[in-house]
Amino acid sequence: MVAYGCWTCADTEIDWVAYMQQVQSFVKGERDYSQIKGQTGPLVYPAGFLYTFTALFYATSQGSIAMAQWLFAVAYLVNQYTVMRIYIATQAVPPWTLLLLCLSKRVHSIFLLRLFNDGITMLLANIAMLLLVQRRWRLSLLLFSAALSVKMNVLLLAPPVGIVLLQATKWKDIGIGTAAAVILQLTVGVPFLLRHPRSYLSKAFEFSREFLYEWSVNWRFVPESTFRSRYFATALVGAHLGLLLLFSHCKWCRSAGGLHRLVLTRLWNNASVPPVAAKHIVMTLFSGNLIGVVCARTLHFQFYSWYFHMLPFLLWQTKLRTPFRLLLLLCVECAWNVFPTTLIASAALFICHCVLLTGLWQTSGWMLEQPNRD
């Protein structure tokens, strides 16, 4: 199916040409981030993005879209394999649900036709999550940092990753892994930090970007004046933090007596670390990422790749009946395939997100800190 798509579907790139223009500027020696631009505007991703797409620039004979499609097809297949490994490790879903991971038209488009950096980012993030499930803590943090260096959306996973590390490993592993992650960020940024540090930090890690209302998939059902309001943005940040605290205290850390008890226990007793099941690790990571997606300032079409592969697993952890799970997944997919997005599609997506979050809150499957039987 992937090969058929590469052979028969005409490319519909959106940002690839801009990526290549930014890479060419970098290759020619430009190190001021404010001056690295493409046809869609200035570069707004960390330096790992530049290195990744510079490699693709040379691997595709300086930007051949046809060649790039085949490379992204390989990335897509590796990503599918990685996610399936995560699912299998949890032993928490029926085997046939793995087929659902292959049925998204929008995700196929993001990887094979649009050639967005989101696909590369999530490939690295999914490998990092698989390493967490395998208890390879330090290497996992290094891969999370690599993913973050390509695009900042990986920060949505930072809170649940922190909880998992507190529950499952010792301070030494956390410290070494975090130090390696920071060193990687500094290393990839060195050419820009040495010459134009302010430009690099303000562009590569820009938290004050203005988003276009017409491209918003998740908030198109609210008035444009509301969407652009600072109060709306502040409310979303508050909702994000509030939901993270609620899930951390009442769900993710439930077996430890709550978030505060977990922190105090680890501060006073670092020698004893209880075994944590793969299912609990994945539930924590996936639900934490979903909370970030639900409260995101905006979601563009390519952002669907941030969480699509997590949806079947999360749906099967709820008490919903299987037909309703499938219907909910179908509604989410349909909402993401309406272009341009409409008020109805946007509202339907929001409702589906809320139903899924409510289902996860109500599930009794959070008491999972026991050895995993592999």
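Let me sum up the structure you'll find in this document.

About the thresholds
- Residues numbered from 1 in each chain as written.
- Predicted model: local features only at pLDDT ≥ 70, side-chain atom pairs only at ≥ 80, totals over all residues.
- Heavy atoms only, no water.
- Helix = DSSP H or I, 4+ residues; strand = E, 2+ residues; numbered from the N terminus.
- Rg over C-alpha atoms; globule rule 2.2 N^0.38 Å.
- Buried < 20%, exposed > 50% of the residue type's maximum accessible area, 1.4 Å probe, protein only.
- Areas by Shrake-Rupley, 256 points an atom, 1.4 Å probe, with all protein chains shown as cover.
- Lys, Arg positive; Asp, Glu negative; His and termini not counted.
- Charge placed at Lys NZ, Arg CZ, Asp CG, Glu CD.
- Contact = heavy atoms within 4.5 Å.
- Polar contact = N/O pair within 3.5 Å; in protein donor to acceptor, adjacent residues only side chain to side chain.
- 1 Å grid on protein atoms, 1.4 Å probe; cavity = no way out; pocket = protein on both sides within 12 Å on 5 of 7 lines; lining within 4 Å.
- Points joined across faces, edges and corners; volume = space filled by probe spheres on them.
- Nonpolar A, V, L, I, M, F, W, Y, C, P; charged D, E, K, R; others polar.

Examining the overall build of the protein chain
And then number 1: Scanning the protein chain from terminus to terminus reveals 17 helices and two strands.
And then number 2: Here the protein chain has a C-alpha radius of gyration of 21 Å; the compact-globule value for 374 residues is 21 Å, and the two agree.
And then number 3: Reported as C-alpha extents along the three principal axes, the dimensions of the protein chain are approximately 55 × 45 × 45 Å.
And then number 4: By the burial criterion, 53% of the 374 residues in the protein chain qualify as buried.
And then number 5: When the accessible surface of the protein chain is totalled, it reaches about 16,800 Å², and 66% of it is carbon and sulfur.
And then number 6: Placing the 30 positive and 14 negative side-chain charges of the protein chain at their respective mean positions leaves the two points 11 Å apart.

Details of the environment of Pro 340
And then number 1: Mapping Pro 340 onto the fold places it in the loop between α16 (322-336) and α17 (343-362).
And then number 2: Residues Pro 340 and Trp 252, 88 residues apart in the sequence, show an inter-C-alpha distance of 37 Å.

Side note on the environment of Asp 118
And then number 1: Within the secondary structure, Asp 118 sits in helix α6 (residues 117-133).
And then number 2: For the pair Asp 118 and Arg 228, spaced 110 residues apart in the sequence, the C-alpha separation amounts to 24 Å.
And then number 3: Apart from residues no more than four positions distant in its own chain, Asp 118 is found in contact with Lys 151, Gln 302, Phe 303, Ser 305 and Trp 306.
And then number 4: Of note is the side chain of Asp 118, whose polar atom sits 2.7 Å from the side chain of Lys 151.

Things to note about the layout of surface pockets
And then number 1: The space that makes up the largest pocket amounts to roughly 1,000 Å³.
And then number 2: Glu 206, Phe 207, Phe 211, Ala 296 and Arg 297 are the residues nearest the centre of the largest pocket, which is lined by 32 residues in total.
And then number 3: Ranked by residue count, the leading element in the lining of the largest pocket is helix α12 (residues 230-252), at seven residues.
And then number 4: Within the lining of the largest pocket, the residues separate by chemical class into 19 nonpolar, six polar and seven charged.
And then number 5: Space inside the second largest pocket adds up to approximately 720 Å³.
And then number 6: Around the second largest pocket, the lining is made up of 25 residues, and of these Asp 15, Thr 40, Arg 209, His 300 and Gln 302 lie nearest the centre.

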